[in-house]
Amino acid sequence: MSSSVKTSKGDKSAEKDALIEKMKATKEEWDAEAAASPDGPDETDALLSQAISMAIDQGKGWAPGEREKYLETLLDDDFIPPLFAANQDELERSGLADAFTTLHDEGETPARNMLESRKKGNESVALGRKNVAKNLTYYRDAVNHYYEAYHWANRITP
């Protein structure tokens, strides 16, 4: 039993190595096409080429079967992309709630977000006072920023 497990792991490793080699070959073809074009490779092509090289060197890419599984998930009628989730339950069912929370909170703390929201609110009030027409939009924006600051203040843990 352990030899069959080792074989399947070896097969997966060989498949992944073959996939990485195929990705490298495809990238080399793209680089050759860009170099052969009359204008030569532009800056965007060069940056994209570097990004693809880094991804290949790190072994990133679809493993066999991963892409198909992901596409099946997307085509499922019950699947709601996390970006369009209307509430926390829909976000949790997407399976990507942790990823979105990490993206939102990356490098940010509730205290920092609270101070930033408060600052935006103060700026909106100042703009409302300076505006000759005393446009209420600035004050509405200020209230929204203060509400957001209050929300972040409630998330601060002492």
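The preceding data block contains the structure.
Residues numbered from 1 in each chain as written. Predicted model: local features only at pLDDT ≥ 70, side-chain atom pairs only at ≥ 80, totals over all residues. Heavy atoms only, no water.

A short note on the overall build of the protein
Scanning the protein from terminus to terminus reveals 7 helices and 0 strands. Moving toward the C terminus, one meets the helices and strands of the protein in the order α-α-α-α-α-α-α. Within the protein, the fraction of its 158 residues that count as buried is 13%. When contacts within the protein are restricted to residue pairs at least 6 apart in sequence, those whose partners lie at least 24 apart make up 51%. Carbon and sulfur atoms make up 56% of the accessible area of the protein, which totals about 12,700 Å². (Helix = DSSP H or I, 4+ residues; strand = E, 2+ residues; numbered from the N terminus. Buried < 20%, exposed > 50% of the residue type's maximum accessible area, 1.4 Å probe, protein only. Contact = heavy atoms within 4.5 Å. Areas by Shrake-Rupley, 256 points an atom, 1.4 Å probe, with all protein chains shown as cover.)

Things to note about the packing of helix H6 (residues 110–130) against helix H7 (residues 136–154)
With their axes 8 Å apart at the nearest point, H6 and H7 run at an angle of 165° to one another. In terms of orientation, H6 and H7 fall into the roughly antiparallel class. As H6 packs across H7, the resulting crossing turns out to be left-handed. Residues that form the contact of H6 with H7 fall into these classes: 11 nonpolar, 7 polar and 5 charged. (Axes fitted to C-alpha atoms, helices over the stretch in contact; angles between N-to-C directions. Parallel < 35°, antiparallel > 145°, perpendicular 65-115°, else oblique. Left-handed = near helix turned anticlockwise from the far one by under 90°. Nonpolar A, V, L, I, M, F, W, Y, C, P; charged D, E, K, R; others polar.)

Some words on the side chain of Asn-113
Its location among the elements puts Asn-113 in helix H6. The residues touching Asn-113, leaving out its near neighbours within four places in the chain, are Glu-108 and Trp-152.

Quick look at the environment of Asp-141
Among the structural elements, Asp-141 can be located in helix H7. The exposure class of Asp-141 is partly exposed, given its relative accessible area of 32%. Each C-alpha atom of the pair Asp-141 and Asn-122 lies 9.9 Å from the other, and the pair is 19 residues apart in sequence.

Some points on H7
Along its 19 residues, H7 runs 27 Å from first to last C-alpha, staying within 8% of the 27 Å computed at 1.5 Å per residue. Those residues of H7 that sit buried are Ala-142, Ala-149 and Trp-152. For H7, the arc enclosing every buried residue in end-on projection is 80°, short of the 170-degree limit, so these residues lie on one face. Residues of H7 that are exposed and point more than 90 degrees away from the buried face comprise Arg-140, Val-143, Asn-144, Tyr-147, Tyr-150 and Asn-154. (Expected span 1.5 Å × (residues − 1). Arc of directions from axis to C-beta.)

What to know about a nonpolar patch on the surface
A cluster of nonpolar side chains, namely Trp-62, Tyr-70, Leu-71, Leu-74 and Leu-75, defines an oily patch on the protein surface of about 520 Å² accessible area. Here Leu-74 shows up in helix H3 (residues 66–75). (Patch = residues over 30% accessible without salt bridge, like charges linked within 9 Å, V, L, I, M, F, W, Y side chains within 5 Å. Salt bridge = Lys/Arg side-chain N within 4 Å of Asp/Glu carboxyl O.)

Considerations on a negative patch on the surface
A cluster of acidic side chains, namely Asp-39, Asp-42, Glu-43 and Asp-45, defines a negative patch on the protein surface. Along the polypeptide, Asp-42 turns up in the loop between helix H1 (2–36) and helix H2 (43–57). Under the relative-accessibility criterion, Asp-42 is labelled partly exposed at 40%. (Lys, Arg positive; Asp, Glu negative; His and termini not counted. Charge placed at Lys NZ, Arg CZ, Asp CG, Glu CD.)

Considering the environment of Glu-15
Relative to the assigned elements, Glu-15 resides in helix H1. Residue classification places Glu-15 among the partly exposed residues on the basis of a relative accessible area of 42%. Taking the C-alpha atoms as reference, Glu-15 lies 8.2 Å from Ala-63; in sequence the two are 48 residues apart.

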